[in-house]
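What the coordinates show
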Amino acid sequence: MTRSLRERVAAVVRIARWEVERSAGIVDRRTAVLGVLALVLAGTILGAGAFAGGVALDRDIYRVGVDQDSPYREPVERSVALDARPPDPDALRDGDVDVLVREGQFRAADTPKGRAALSELRSAVRAYNVGLMRSQENGSAAFPVVVVLQYVSRSAGIPDAAVADDDGGSGSGIGSGADGGAGGATDGAETGSDGTTDDEETAASTGSGGPLGVPALSGINPLGGGSSGSPAEIQPPFPFGSLVLAFAFLVPMNFVVQAYGSTMLNERINRRGELLLVAPISPGDIVAGKTLPYLAAMLALTALVALGVGGSVVAVAAVIPIALVFLAATFAGAMFARSFKELTFVTVTVSVFLTAYTFVPAIFANVTPIALISPLTVVVQDLQPLESVTPGAFLFATGPFVLCAGVLFLLGVGIYREEDLFTQRPVPLKFLDALDAQVSRPRDVAVLSGLSIPFVFVAELLAIAVLFALPVSLTVPLLLVVVALVEELAKSLHVYAVFESDTFPRTRRVALVLGALSGLGFFVGEKFTAVAQVVGLPELALGQAAFAPSGIGVFSAAGLLFAPLVLHVVTAGLTALGARRDVRWYAAAFVGSVLVHTAYNLTVVSRLG
């Protein structure tokens, strides 16, 4: 009997209420206290990293021999990385100190560590001199040249530069900040009251004068520094503070998904979920009801973090797809795992991979469009006052995550049935069952190939990000092989699954039909990767290599439409012929299809120049 939408929604809400009551009942006071303490500890660590600039991992790593009465003693003692030692010449020779300061001269050990220590000592002296000059009453005399920086988006116009050039005197300081010789300090710093305007000083103090200005938390800017200073202080933009704050969105998710994975696996222990299975409720409604409380918890935590760090609705909307993928991957893992030990391995692997995938690309938010493979890049841009997130960039960063989450939930719901839920089959076989559960008619093969596009897209973007820093002459061939491997696996794995379960007859004609449908479905779904153009990836060499061979910019209009289609149908048919036999024939056919696909990609790239 078909149930109305209202009845289905009521069933989902009822299951969600039961899940909340059950979860609240099994969490004792000690567990609740430990959970709260863990969250507080995570927030404290993140707050310390944001406000203090991180943990000093290089504390006292370099040893400097310097006298107590030396003018360099105080800069050494103020530096976190330097450790002051007695100035014994034998200590330098024996390796007990890395740098020796005698009579205003620096002598460093002829080792990589000695040279690094010398560089750190020079930086410490320079910073000390800057501090002395900042204390001067006549700021314009201490800093005769001031540079005011204003960072803007690449798509915006270039503003007029503001440069102040005053007649200056000399400041007081020790050494030169470079070689330790006599003379005044040569490195500049932010100007005093005489060297900047009121607006510039306000921008520097609030940290809101450019994209480096992280939204102030109680008036504290995690990055430090402002938008004006001497030429020696000019640094490339790096959103460290925004990244630390963006990471705060990810930490609470790991706690929620652990609880979610446990409750989903609990349904499989001693057949506890059998009562819901026999109820007049679809598996999708059951999963939706059990997932809803944990999704609501993630949304509440995300909104709370956004309110605390100064993010807007855009930041919350960008984090929601990450939360969905966390939940979907954990749900699928709970359906595949045979024990809590396996589930722990799955959830830890998922958390580490997703955290790395979302966090690492965001480091390059101000450098390359490749950073937009992560929704956290959108969060970083939202936390930077002068950055604006375009709709196309938002869709590019979040769209694949939403689609991946939907497909993972679909695969998990497919095996939310008695024959899979309460059996102890290995994880690979469970995965094949999940694929086979989505195929009942030949056309479902084409649909499933199209649904694999988000995972293919994410995998190819990840390959681009990993290989981006290497020489193009080396990375382009490697990327083409990776593209062929990923795409052929996506087109053939579900075909192998349906043959293994004997869903269709193992005849050559059926194999060719399924292969053609798989290639057609993949070709249609692949056209959606054209969204990569909105962020400029095809302008990069690796972007062209990854996406052009699939149909972007091929020889002619006819080639643009039909050459990729022929390629996908031929290679998918080849793997389908192998899959109808057994796993060995499938592996051999898979290797052959990858070679054909790689040869095609190399031909297209060579023609593109």
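Not measured: the values here are computed from a predicted model.

What counts, and where the lines are drawn
Residues numbered from 1 in each chain as written. Predicted model: local features only at pLDDT ≥ 70, side-chain atom pairs only at ≥ 80, totals over all residues. Heavy atoms only, no water. Helix = DSSP H or I, 4+ residues; strand = E, 2+ residues; numbered from the N terminus. Buried < 20%, exposed > 50% of the residue type's maximum accessible area, 1.4 Å probe, protein only. Contact = heavy atoms within 4.5 Å. Areas by Shrake-Rupley, 256 points an atom, 1.4 Å probe, with all protein chains shown as cover. Salt bridge = Lys/Arg side-chain N within 4 Å of Asp/Glu carboxyl O. Pairing = 2+ DSSP bridges. Axes fitted to C-alpha atoms, helices over the stretch in contact; angles between N-to-C directions. Expected span 1.5 Å × (residues − 1). Phe/Tyr/Trp six-rings, centres within 6.5 Å; stacked < 30°, edge-to-face > 60°. Lys NZ or Arg CZ within 6 Å of the ring centre and 35° of its normal. pLDDT = per-residue confidence, 0-100.

Within the protein chain, the secondary structure is distributed over 23 helices and 7 strands. Residues counted as buried form 46% of the 609 residues belonging to the protein chain. Looking at the protein chain alone, contacts between residues at least 24 apart form 71% of all its contacts between residues at least 6 apart. Within the structure as shown, the protein chain displays about 29100 Å² of accessible surface, and the carbon and sulfur contribution to it stands at 64%.

Attention now goes to the pattern of salt bridges. Within this structure, the stated rule accounts for 15 salt bridges. Here Asp83 makes a salt bridge to Arg85, at a shortest N to O gap of 2.9 Å. The salt bridge involving Lys491 is made with Glu488; its shortest N-O contact spans 2.8 Å. Separated by 3 residues within a single helix, Lys491 and Glu488 lie in helix α19 (residues 472-500), roughly one turn from each other.

The next thing to look at is the sheet that holds strand β2 (residues 82-85). The 4 strands are arranged β2-β1-β3-β4 in an open sheet whose pairing can be described as mixed. Among the strands making up the open sheet, the edge pair consists of β2 and β4 (105-108). Between one strand axis and the next, the sheet turns by 25 degrees as a mean value, whatever way the strands run. Inspection of the sheet shows strand β1 (residues 62-65) paired to β2 by 4 bridges, in the parallel sense. Bridge assignment links Arg63 to a residue of β2, and that residue is Asp83. Of the strands in this sheet, β1, β2, β3 (99-102) and β4 are in contact with helix α5 (residues 112-134), which crosses β1 at around 70 degrees.

Its 19 residues give helix α20 (residues 508-526) an end-to-end C-alpha distance of 27 Å, which sits within 8% of 27 Å, the value for a rise of 1.5 Å per residue. Within the span of α20, buried status applies to Val510, Ala511, Leu514, Gly515, Ser518, Gly519, Gly521, Phe522, Phe523, Gly525 and Glu526.

The subject of this paragraph is the packing of aromatic side chains. Inspection of the entire model under this criterion finds 8 aromatic pairs. Ring plane angle 85 degrees and centroid distance 6.1 Å describe the contact between Phe336 and Phe431, whose orientation is recorded as edge-to-face. Of this pair, Phe336 sits in helix α11 (residues 313-336) while Phe431 sits in helix α16 (residues 427-436), and the two are 95 residues apart along the sequence. For Phe431, a relative accessible area of 29% corresponds to the partly exposed category. With centroids separated by 4.9 Å and ring planes inclined at 15 degrees, the aromatic side chains of Tyr496 and Tyr586 adopt a geometry described as stacked. Taken as a pair, Tyr496 in helix α19 and Tyr586 in helix α23 (residues 583-608) lie far apart in primary sequence, 90 residues in all. Of the two residues examined, Tyr496 and Tyr586, each falls in the buried class. In this structure, Lys491 packs its charged tip against the face of Phe522, placed 5.7 Å from the ring centre. Directly above the aromatic system of Trp585 lies the positively charged group of Arg581, at a separation of 4.3 Å from the ring centroid.

Okay, the confidence of the model for the protein chain next. When pLDDT is averaged across the protein chain, the result is 73; 69% of the residues are at 70 or more. Mean pLDDT across the elements of the protein chain ranges from a minimum in helix α7 (residues 198-206), with 38, to a maximum in α20, with 89. Across residues 49-56, confidence stays below pLDDT 50; counting only partners more than four residues off in sequence or on other chains, it has 13 contacts.

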